[in-house]
Amino acid sequence: DLHCVCSFSFCRFCSREAHAPLPCALVSRWRSSMIDLEQMTQQEQEALETKRKLQAKMKKDAVETEQWLLLRAKPCPRCLKWIE
């Protein structure tokens, strides 16, 4: 990062505000996604949040199912299907 006498710090490669240790390409993608998010309507943002919550719940359910299987079931030695 470079530092100006006005106290502004910026990246020597892309001249944007200092973002070390993140690479310029990652910061650029992040900024693009933030712009896309700002341009979304309230309804689109709510739909996206609902989708994220559903995905998080599905992931949690999958983990709980896997834990249940590991504790209470065993795979068949022949076909590998889980059995109680």
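As a reminder, the structure under discussion sits directly above these lines.
Scope of this entry: the structure provided in the associated data block.

Some remarks on the overall build of the protein chain
Secondary structure summary: the protein chain contains 2 helices and 4 strands in total. Reading the secondary structure of the protein chain in the N-to-C direction produces β-β-α-α-β-β. A compact globule built from 84 residues would reach a C-alpha radius of gyration of about 12 Å, whereas the protein chain, at 23 Å, exceeds it by more than 25%. Taken along the three principal axes of its C-alpha coordinates, the protein chain extends 70 × 35 × 20 Å. A burial count over the protein chain gives 6% of its 84 residues as buried. For the protein chain, restricting intrachain contacts to residue pairs at least 6 apart in sequence, the fraction spanning at least 24 positions comes to 0%. If you sum the accessible surface of the protein chain, you get close to 7,700 Å²; carbon and sulfur atoms cover 59% of it. For the protein chain, the distance from the average position of its 14 positive side-chain charges to the average position of its 11 negative side-chain charges is 9 Å.

The rules behind each value
Residues numbered from 1 in each chain as written. Predicted model: local features only at pLDDT ≥ 70, side-chain atom pairs only at ≥ 80, totals over all residues. Heavy atoms only, no water. Helix = DSSP H or I, 4+ residues; strand = E, 2+ residues; numbered from the N terminus. Rg over C-alpha atoms; globule rule 2.2 N^0.38 Å. Buried < 20%, exposed > 50% of the residue type's maximum accessible area, 1.4 Å probe, protein only. Contact = heavy atoms within 4.5 Å. Areas by Shrake-Rupley, 256 points an atom, 1.4 Å probe, with all protein chains shown as cover. Lys, Arg positive; Asp, Glu negative; His and termini not counted. Charge placed at Lys NZ, Arg CZ, Asp CG, Glu CD.

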